[in-house]
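Structural features, examined
Residues per chain are reported as follows:
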Amino acid sequence: MTKLKQYKMFIDGEWVKSESKKTFETLNPENNKPWAVVPEASASDVDRAVKAAQKAFEGEWPKLLPRERGKYLRAIGNKLRENAKLLGEIETIDTGKLFRETNKQANYIAEYYDYYAGLADKVEGTVLPIDKPNIQAMTTRIPIGVIAAIVPWNSQMFLTATKLAPALAMGNTVVIKCSELAPAVMFEFAKLIEETGIPKGVVNVITGFGDPCGKALTSHNLVEKIAFTGGPETARHIIKNSSENLSEVSLELGGKSPVAVFDDANQESAINGITAGIFGATGQSCIAGSRLYIQQGIYNEFLDKLVKRAEKIKIGAPMDPETEMGPLSNFKQLEIIEKNIKLTVEQGGKIKFGGKRHPFSNEGYYFPPTIIECDNHNLPVAENELFGPVLSVMKFESEEEVIKKMNDNQYGLSSGVFSSDFSRALRVSNAIRAGITFVNTYRLISPSAPFGGIKDSGYGKEAGIDSIKDYTRVKTTWLNTSDEPMKDPFTIG
Ligand code: NAD
């Protein structure tokens with residue numbers, strides 16, 4: 001039997017087991033076999049991590065010159081680049097995501113640290129045109145304190161970067177709770193953080209289950225802000241937990257993102273965009289374009305082309321550079337997808353391609369690209385976030401109709417429009433209630449582009465220039481500029 005890799009948590013600059021010594025195994029989605037053992041954090045481990053972060057916040061870190069903190073961020077970025085291969089391999093083993101994607105992402109995520117390193121010394125205050133004589137009042141932006149960063153398994157390195165980089169740039173300290181489903185890459189990342197020589201306790205990395213670990217973290221009295229990415233049900237728990245510590249909360253939640261293809265669209269571009277949006281990362285992306293609306297003039301022709309494209313997708317081992325779609329990350333997801341497809345077919349949905357477990361599933365959690373025609377978008381596969389490679393397809397006639405349909409869902413994270421009429425594309429984009437719209441493209445991210453949703457997809461934007469301010473609070477300072485002593489407060493006039 002091969003020996004399982006052993007991980008420890010990173011708290012206060014030390015590598016530690018959980019106090020209870022409890023551990024759990026993490027599985028390789030390619031073959032459903034355990035490959036690593038990680039500590040399971042309990043409430044007492046959370047307490048240790050939060051107190052370490054608080055101690056670091058009371059230490060030198062927030063007092064460093066912003067540019068000095070920026071140097072640590074650049075060092076993190078450089079470490080990511082130097083170790084992108086290792087990080088990619090570990091993330092691929094743990095999540096089943098393609099190595100060519102995880103490797104590339106580890107490199108690209110370095111850019112987020114560079115971006116916020118550059119912003120560290122560019123957050124300015126104001127001098128207020130105050131209505132009092134001999135007073136100068138000003139605002140400055142101060143760090144918040146201990147930040148709890150909670151991430152899901154699917155893109156932990158990216159979703160950590162959008163929280164950790166602005167938080168550190170502004171002088172906060174952080175406890176990262178990584179997903180219990182695939183935590184290994186985050187411990188590898190913690191080793192790189194340690195190598196930068198960042199002061200102890202500034203970054204702590206723990207893992208454990210939602211309850212008790214996540215619950216203890218989000219209700220801890222020393223936590224001042226919770227930056228959460230995950231599902232809406234978990235978000236509801238977190239909001240309740242935050243009533244204990246009255247911390248600020250930002251939420252990046254799920255999506256059921258609609259994409260409209262008009263008769264005049266460049267079809268090659270639309271096929272590629274839709275394929276990237278729903279079959280890239282095996283559909284396990286919060287911005288997956290999982291609801292497709294095709295205009296009636298090209299409906300049959302376009303759907304046939306899409307099916308032909310899906311047929312060509314190469315399913316295989318995630319480390320193989322030829323593979324285009326790997327396994328799902330966990331068995332539960334496979335079951336959710338199957339259940340939704342079954343219900344949809346019972347209600348009249350027609351499977352055009354895929355729809356059944358891939359033969360590789362005897363070992364891992366493989367599910368093929370799946371395309372299902374739906375008469376209406378209230379069928380389960382067209383309405384629920386499945387977090388898998390399942391595309392629901394509907395027909396539309398007019399611009400007005402498709403806008404209405406695109407907006408008729410609880411989520412509002414991403415969306416897409418394919419049309420060669422740019423005025424129309426812009427009209428549709430403006431009318432869609434979503435945090436992101438891609439026009440004639442899909443599935444792009446950038447450090448300078450705000451990322452996040454509206455409606456049940458959450459609130460608070462990550463990435464972009466403004467999100468750095470979300471890791472500060474405004475402080476007002478009043479200064480008496482007069483040489484005269486302050487007046488007796490009980491004199492009149
Ligand atoms: P999840 O909500 O089950 O878990 C996310 C994290 O929350 C995990 O670390 C988990 O342990 C933790 N958690 C669970 N219960 C908790 C509790 N009571 N208190 C505190 N923390 C708790 O999500 P998942 O299944 O791992 O990930 C998939 C979801 O994440 C999907 O809905 C997907 O759309 C969403 N997602 C959103 C974005 C985005 O940026 N908008 C990005 C990626 C994923």
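Here, the structure is the one placed above.
Report on the accompanying structure. (Residues numbered from 1 in each chain as written. Predicted model: local features only at pLDDT ≥ 70, side-chain atom pairs only at ≥ 80, totals over all residues. Heavy atoms only, no water.)

**Quick notes on the pairing of strand β11 (residues 223-229)**
The test is simple: Each residue is assigned to one of three classes by its accessible area relative to the maximum for its type, calculated with a 1.4 Å probe on protein chains only: buried under 20%, partly exposed between the two thresholds, exposed over 50%. Here a strand is any run of E in DSSP of at least two residues, a helix any run of H or I of at least four, and the numbering for each starts at the N terminus. When DSSP locates at least two bridges between a pair of strands, those strands are taken to pair. The handedness of a crossover follows from its direction of travel: if, with the strands pointing away from the viewer, the path from the first strand over the helix to the second runs clockwise, the crossover is right-handed.
Among the seven residues that make up β11, six are buried, leaving the element largely enclosed by the rest of the structure. In this sheet, β11 lies alongside strand β8 (residues 146-150) in parallel orientation, the contact comprising five bridges. Residue pairing in the sheet places I150 in a bridge with F228 of β11. Relative to strand β12 (residues 248-252), β11 is paired through five bridges, and the arrangement is parallel. Looking at β12, one finds that T229 is bridged to E252. A crossover connection joins β11 to the parallel β12 through helix α8 (residues 232-245); in handedness this β-α-β unit is right-handed.

**Details of the side chain of S415**
Heads up, the rule is: Here a polar contact is taken to be a pair of N or O atoms separated by no more than 3.5 Å, where protein atoms must pair a possible hydrogen donor with a possible acceptor and residues adjacent in sequence count only if both atoms sit in side chains. Note on contacts: a residue pair qualifies if any of its non-hydrogen atoms lie within 4.5 Å across the two residues.
For S415, the location among the structural elements is in the loop between β18 (411-412) and β19 (416-418). Among the polar contacts made by the side chain of S415, one reaches the main-chain carbonyl oxygen of I436 at a distance of 2.9 Å. Of note is the side chain of S415, whose polar atom sits 2.9 Å from the side chain of T437. In this view, S415 contacts S257, P258, I432, A434, I436, T437, F438 and Y442; residues no more than four positions away in its chain are not counted.

**Focus on the nonpolar core**
Note the following rule: Think of a nonpolar core as a cluster: buried Ala, Val, Leu, Ile, Met, Phe, Trp, Tyr and Cys residues, connected wherever their side-chain atoms sit within 4.5 Å.
Y113, L164, L168, F189, V203, V205 and I206 are the most contacted members of the largest nonpolar core, which totals 81 residues. The residues contacting F189, other than those within four sequence positions of it, are I76, L80, L87, Y113, M157, T160 and L164. If you look at the next biggest cluster of nonpolar residues, it comprises 33 residues, including A270, I274, L292 and F302.

**Digging into the site of the ligand**
Here is the rule we go by: In this text, near means that some heavy atom of the residue lies within 4 Å of the molecule or strand in question. Here the Shrake-Rupley method, with its probe set to 1.4 Å, supplies the accessible areas, and only the displayed protein chains count as covering residues. For this scheme, ten residues count as nonpolar: Ala, Val, Leu, Ile, Met, Phe, Trp, Tyr, Cys and Pro. Four count as charged, namely Asp, Glu, Lys and Arg, and the remainder, Gly too, count as polar. Note: domain ranges come from an automatic or database domain assignment.
Around the ligand there are 29 residues in total, and E180, G231, T234, L253 and E385 lie nearest to it. A distance of 2.5 Å is found between an oxygen atom of the ligand and a side-chain nitrogen or oxygen belonging to E385. Relative to its unbound accessible surface of 850 Å², the ligand loses 88% to contact with the protein. Secondary-structure elements contributing two or more residues to the shell around the ligand are β9 (173-178), α7 (210-218), β11 and α8. In terms of residue class, the shell around the ligand is made up of 13 nonpolar, 11 polar and five charged. Each of domain 1 (5-253 + 457-476) and domain 2 (258-439) gives at least three residues to the shell around the ligand.

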